[in-house]
Structures are given as structure tokens and as C-alpha cells.
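The chain contents come next:
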Amino acid sequence: MTKQYLEQIQFILEKGETEDLQSAISLVSFHLECSEDKNAELKKILDGVRKNIPIPYIIGYTQIFGLKIIINRDVLNPGPETITLIEKTSESIIKNHSVQVLDLCTGSGAVAVTLASRCNVQITATDISEKALSIARLNALTNNTVINFKQGDLFEPVKGLKFDVLTSNPPYVKSGVINLLPGYVRNFAPVTAIDGGSDGLFFHKAILSEAKDFFNPGGCLFIECEDDQDREVEKIAIKNGWKIKERFPNRHKKIRGFRLE
Ligand SMILES: C[S@@+](CC[C@H](N)C(=O)[O-])C[C@H]1O[C@@H](n2cnc3c(N)ncnc32)[C@H](O)[C@@H]1O
């Protein structure tokens with residue numbers, strides 16, 4: 001029975017573009033290991049997947065580097081590019097013994113909580129959405145991490161503070177194409193989490209033009225971007241005096257993130 005359900009889930013995921021197949025299957029397997037009534041849970045997941053609901057929104061969490069990150073419709077479900085952002089940011093924090101880290105636009109707190117759990121650092125995390133911050137606070141608590149959460153518009157809540165590392169996965173979808181996004185993104189992520197303004201780059205421009213005022217000497221910035229935005233982001237970075245230190249490709253070899261200094 002269980003095998004038959006799993007095969008059906010795999011079939012639906014392979015056919016459609018519901019989400020990354022490998023991570024979805026490993027998330028389902030992990031979820032089933034922890035659940036008592038496996039058949040009932042599988043049926044719930046299968047019904048949801050058939051309706052094109054991403055698995056984290058069906059079961060209420062995702063798993064990142066072994067941590068359980070609670071997800072609901074107030075927050076974006078972090079994608080594989082954000083896992084790369086976390087890996088690159090934590091490598092740099094560890095290598096440079098960074099102390100003060102800022103996660104701007106934290107959403108579920110996935111980035112901040114994972115960094116706090118992997119690295120010995122002080123993390124401040126901000127978001128404009130109070131609902132998202134409630135989930136982020138819960139994720140910090142359930143993963144035994146201490147994070148200084150602040151609500152507000154971009155840098156406004158951290159005025160006067162300085163950081164060694166800034167990491168961000170800001171909204172980056174062009175306002176005009178939000179309606180064209182696949183249903184499994186459009187119907188679940190809040191618009192404030194995806195709307196990047198008319199050119200999709202409103203937040204990149206704001207972050208790259210303001211961030212230098214919030215750095216200790218030698219600080220570095222990690223930022224995610226959308227498919228095919230990389231050239232524009234590089235131009236914005238260079239115009240604002242940043243050096244491109246590293247580009248992060250995804251598994252389709254598209255540049256989806258940067259380390260800037
Ligand atoms: C793409 S989501 C990323 C969430 C999280 N960092 C992740 O990777 O899973 C962007 C987040 O930016 C927040 N946001 C939107 N506008 C903002 C603003 N003006 N200032 C701060 N946060 C904002 C949204 O509420 C949302 O949680």
C-alpha cells in the first residue's frame with residue numbers, strides 16, 4: 001500500500017513541475033519515518049500533490065540540513081538555490097570568523113535559523129511581514145537557536161547597526177508576471193514574498209545601494225536572484241562599488257546567487 005502511494009507521488013512529481021523531485025521524495029520519506037499512521041499520511045500527501053500543493057505546505061514543514069523548518073502560507077517555501085545561499089554564507093562565516101550576521105527578508109527564518117545552528121554567530125533577521133516573523137520566531141525556538149528578529153522595511157529596523165556578513169533572498173519576480181507563475185508558487189507564497197517590482201530588481205537595487213552603510217570593514221554580502229537576472233544584478237553591484245567575488249550556479253547552470261565584497 002505504502003509503496004504504491006509513493007510510486008504515485010513520484011509519478012505525479014515527474015510529470016508536473018510541482019517541486020524538486022529528489023527533495024520532495026526525501027521529505028516524504030522523512031515525514032513517514034516520523035509518522036505513526038503511514039498510510040493516512042501518504043494519502044493526505046498524495047491528495048495534496050494531486051491538487052498541485054507543494055509538499056511542505058501539505059505537511060507543514062520542510063527539512064534543511066536536518067532541521068525541521070515550519071512552513072505555512074505566510075511564508076515562502078525555500079528552494080534549492082536558497083540551500084546554496086546558506087551553504088556559501090556559512091562557509092564564509094566559518095572561514096572568516098564572522099561575528100555579526102544580518103539576514104534581510106528572512107521569511108520563515110530558514111536561512112537565519114540554519115546559519116545560527118551551523119555557525120557560532122550573532123544573527124539579526126528582519127522582515128516586513130509580522131506573520132512571517134511569527135513563523136520565523138517559532139522556527140528559531142523549535143531549533144534551539146537565538147536570533148534577534150526585527151520587523152520593518154529593509155534596513156530601517158537595523159539603522160545604526162553594523163554587520164560582518166549580510167545574506168538575503170529578497171523578492172525578485174517582476175510584478176507583471178506573477179499571474180503567470182506556476183500555480184504551485186503563485187497560490188502558496190504570499191505576494192509580498194515574491195513581488196520584486198516592475199523589473200523584479202527593486203530589492204536588489206535597494207540592498208546593493210544601501211548595504212555598505214551597515215558593514216564592518218571587510219564585510220561581505222550574499223544575495224540570491226532569479227533566473228536570467230544575473231547580468232542585471234552584476235551591473236547594479238558594480239555601479240554601487242561592489243566586487244563580484246563568486247557566482248553561484250544552480251543545477252541547470254544558471255547563476256542564481258552572488259558573493260559580493
Ligand atoms: C523571497 S522571500 C524569502 C524568504 C526567506 N529568506 C527564504 O529564503 O526562504 C522574501 C521575504 O521578503 C519579505 N519582504 C518583502 N518586502 C520587504 C521589505 N520591504 N522589507 C523587508 N522584508 C520584505 C517578505 O515578507 C518575504 O518573507
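Residues numbered from 1 in each chain as written. Predicted model: local features only at pLDDT ≥ 70, side-chain atom pairs only at ≥ 80, totals over all residues.

A count of helical and extended segments in the chain gives eleven helices and nine strands. Its C-alpha radius of gyration of 18 Å places the chain within 12% of the 18 Å reference for a compact globule of 261 residues. (Helix = DSSP H or I, 4+ residues; strand = E, 2+ residues; numbered from the N terminus. Rg over C-alpha atoms; globule rule 2.2 N^0.38 Å.)

In terms of burial, strand β3 (residues 100-104) is largely enclosed, as four of its five residues are buried. The pairing of β3 with strand β4 (residues 122-127) spans five bridges and is parallel. Opposite D103, over in β4, you have A125 as the bridge partner. Between β3 and its parallel partner β4, the chain crosses via helix α6 (residues 110-118), and the hand of that crossover is right-handed. Note that β3 and strand β6 (residues 163-168) share four bridges and pair parallel. Counted as the bridge partner of D103 is T167 from β6. (Buried ≥ 20, exposed ≤ 12 C-beta atoms within 10 Å, placed from the backbone. Pairing = 2+ DSSP bridges. Right-handed = clockwise from strand over helix to strand, strands pointing away.)

With that out of the way, let us pick up the environment of E226. Mapped onto the elements of the fold, E226 is located in the loop between β7 (215-224) and α11 (230-239). Spatially, the C-alpha atoms of E226 and K174 are 9.8 Å apart, while their sequence positions differ by 52 residues.

Between its terminal C-alpha atoms helix α2 (residues 21-34) stretches 20 Å, which fits the 20 Å expected from 14 residues at 1.5 Å a residue. Considered for burial, the residues of α2 that qualify are A24, L27, V28 and H31. Viewed along the axis of α2, the buried residues span an arc of 100°, placing them on a single side of the element. Of the exposed residues in α2, those oriented more than 90 degrees away from the buried face are Q22, S26, S29 and E33. (Expected span 1.5 Å × (residues − 1). Arc of directions from axis to C-beta.)

Our focus in this paragraph is unusual backbone geometry. Of note in the backbone geometry, H97 takes a positive phi value of approximately 50° without being a glycine. Considering the arrangement of structural elements, one finds H97 in the loop between α5 (80-96) and β3. A residue is classified by how many C-beta atoms lie within 10 Å of it, and H97, with 10 of them, is exposed.

As a further point, take the domain arrangement of the chain. Each domain of the chain was delimited in the assignment, giving domain 1 (2-59) and domain 2 (80-260). The straight-line distance from the C-alpha centre of domain 1 to that of domain 2 is 29 Å. (Domains from an automatic or database assignment.)

In this section: the environment of V173. For V173, the location among the structural elements is in the loop between β6 and α8 (183-186). When the C-alpha positions of V173 and A110 are compared, they lie 20 Å apart, and in sequence the two are 63 residues distant. Leave out the neighbours within four places in its chain, and V173 touches I178, L181, I194, D195, G196, G200 and E226. (Contact = placed C-beta atoms within 7 Å.)

Turning to the pairing of β6, a few remarks are in order. A large share of β6 lies buried, amounting to six of its six residues. Alignment of β6 against β7, held across five bridges, turns out to be parallel. The residue bridging S168 from the neighbouring strand is I223, located in β7.

So, on to the sheet that holds strand β8 (residues 244-249). Reading across the sheet, the seven strands line up as β5-β4-β3-β6-β7-β9-β8 and stay open at both edges, with mixed pairing between neighbours. A strand with exactly one partner marks an edge of an open sheet, and here the two such strands are β5 (147-151) and β8. On average, adjacent strands in this sheet sit at an angle of 15° to one another, irrespective of strand direction. Docked against the sheet, α11 engages β8 and β9 (255-260), running at close to 15° with respect to β9. (Axes fitted to C-alpha atoms, helices over the stretch in contact; angles between N-to-C directions.)

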